[in-house]
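Structural overview
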Amino acid sequence: MGSPARRRSGLVAPVVKTVVHTVVVTTLIGLLAGCSDGAPPPAATTTAAPKPSLPVAPGGEFGYASARATDPDPLTQNEIFGRSRFTSNGRKYKMTVRKMDKVCKDAVTGDKLTKALKAAGCTQLARASFHDAKGEVIGTVGVANLKTSKGAKGVAGAGAGKERKDYLKPLAGDDAHTKELGDGEAYAGGWTHGHYAILLWFQFKDGHEPKKAELKRLYQAAVDITDAIVFPPLDSRSVRGSRS
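It should be emphasised that the depicted structure is a prediction, and the values quoted were computed from it without experimental measurement.

By the element assignment, Gly207 lies in the loop between β8 (196-204) and α5 (212-240). Aside from chain neighbours lying at most four places away, what touches Gly207 is Asp183, Gly184 and Glu185.

Have a look at this one:
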């Protein structure tokens, strides 16, 4: 399946205005040391306190999360996949398994995607798998930590085309639902958020090839899950430049 267009708008880091006050120092040498009768005191001198060096919040669509240089904290599983059960727009989901790969190529399939991850400086790729309330829709979400936004776009778009050969490797769970991940036809694609690439694999449990109308259901599950637990911590990084 082809890659969906990135749907999230980035956050712009707030502008912090700092007022630096000038300290005036008056030197009264003549008064302190004593001066001759009738002689005027020496003129006062002033010095300005040095302005402190303040960090400048990056601008742009994703703020601090535009690059790893301004968002250096590594991802953790608890940060990006911290909720096992949740509801999104009235639809319930459960996370069944999660994993953090430090060798990013181990979490994907395809030469083009593997090369894109290497070129983008991937240092970790977190994956987690989910199913809906009925256990009919199952899927894996991956978040790759890359050096720059440009690299993230390259990873998310790797292998896009009518027949996808490069995709996130589905992470099978031990439960009755997500253990079927990877067996059948799937909706695969990717989005970006700054220097992160969000990779997707969603399918029906029975593995049948989804019709056009059914693709919407798979896409909706991907949107629900990422909106609920993945994008909020990435939004926070856009503003803070670190984990919450």
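Sheet analysis places strand β1 (residues 85-88) next to strand β2 (residues 91-101), joined by four bridges and oriented antiparallel. Opposite Phe86, over in β2, you have Tyr93 as the bridge partner. Two successive antiparallel strands, β1 and β2, enclose a turn made up of two residues, where Asn89 displays a positive phi of approximately 55°. Taken together, the eight bridges between β2 and strand β4 (residues 124-132) define a ladder with antiparallel strand orientation. Residue pairing for β4: Lys99 is matched across the bridge by Arg127.

Let us look at the pattern of salt bridges. In this structure the tally under the stated criterion is seven salt bridges. Close ionic contact of Asp101 with Lys99 constitutes a salt bridge, the shortest N to O distance being 3.9 Å. A single salt-bridge network, built from bridges that share partners, covers Asp71, Glu79 and Arg237.

Each aromatic ring pair is specified by the distance between its two centres and by the angle formed by the two planes. Under the defined criterion, the tally for this structure stands at seven aromatic pairs. Seen in terms of ring centroids, Phe86 and Tyr93 are 6.0 Å apart; in terms of plane orientation they differ by 25°. Their pairing is stacked. Take Phe86: its relative accessible area is 5%, and that puts it in the buried class. Of the residues examined, Tyr93 reaches a relative accessible area of 7% and is grouped as buried. Taken together, a centroid distance of 6.0 Å and an interplanar angle of 85° make the contact between Tyr187 and Tyr219 edge-to-face. Highlighted residues: Tyr187 in strand β7 (residues 186-193) and Tyr219 in helix α5, separated in sequence by 32 residues. Tyr187 sits in the buried class, given a relative accessible area of 7%. According to the relative accessible area criterion, Tyr219 is partly exposed, its value standing at 29%. Members of the aromatic cluster, each reached through a chain of ring pairs, are Phe81, Phe86, Tyr93 and Phe130.

Attention shifts here to the sheet that holds β2. Within a sheet, each strand pairs with its neighbour through backbone hydrogen bonds, oriented either parallel or antiparallel. Spatial strand order, β1-β2-β4-β5-β8-β7: six strands in an open sheet with antiparallel pairing. Unpaired on one side and paired on the other, β1 and β7 mark the two borders of the sheet. For this sheet the average axis-to-axis angle between neighbouring strands, irrespective of direction, equals 25°. Two strands pair when backbone bridges link them, and β4 and strand β5 (residues 137-145) are joined in this way by eight bridges, in the antiparallel orientation. Of the residues in β5, the one forming a bridge with Ala126 is Val143. Across the sheet, α5 touches β1, β2, β4, β5, β7 and β8, and the angle it forms with β8 is around 150°.

Before going further, it helps to spend a moment on the nonpolar core. Of all hydrophobic cores here, the largest spans 30 residues; its most connected members are Phe81, Phe130, Val141, Ile198, Phe202 and Val230. Within the residue set of this core, elements represented by two or more residues are β2, β4, β5, β7, β8 and α5. With 17 residues, the next largest nonpolar core counts Leu113, Leu125, Leu146 and Ala152 among its residues.

A few words on helix α3 (residues 111-119). The α-helix advances 3.6 residues per turn, and as a result positions three or four apart in sequence lie on the same side. When we look at burial in α3, the residues that qualify are Leu113, Ala116 and Leu117. In a view along the axis of α3, the buried residues occupy a sector of 100°, so they form one face of it. In α3, those exposed residues whose orientation departs by more than 90 degrees from the buried face are Asp111, Lys115, Lys118 and Ala119. Where α3 is buried, its residues touch β3 (108-109), β4, β5, α4 (149-156) and β6 (167-168). Phi for Gly121, located one or two positions after α3, is positive at around 70°.

Rules behind the numbers
Residues numbered from 1 in each chain as written. Predicted model: local features only at pLDDT ≥ 70, side-chain atom pairs only at ≥ 80, totals over all residues. Heavy atoms only, no water. Helix = DSSP H or I, 4+ residues; strand = E, 2+ residues; numbered from the N terminus. Contact = heavy atoms within 4.5 Å. Pairing = 2+ DSSP bridges. Salt bridge = Lys/Arg side-chain N within 4 Å of Asp/Glu carboxyl O. Phe/Tyr/Trp six-rings, centres within 6.5 Å; stacked < 30°, edge-to-face > 60°. Buried < 20%, exposed > 50% of the residue type's maximum accessible area, 1.4 Å probe, protein only. Axes fitted to C-alpha atoms, helices over the stretch in contact; angles between N-to-C directions. Core = buried A, V, L, I, M, F, W, Y, C linked by side-chain atoms within 4.5 Å. Arc of directions from axis to C-beta.

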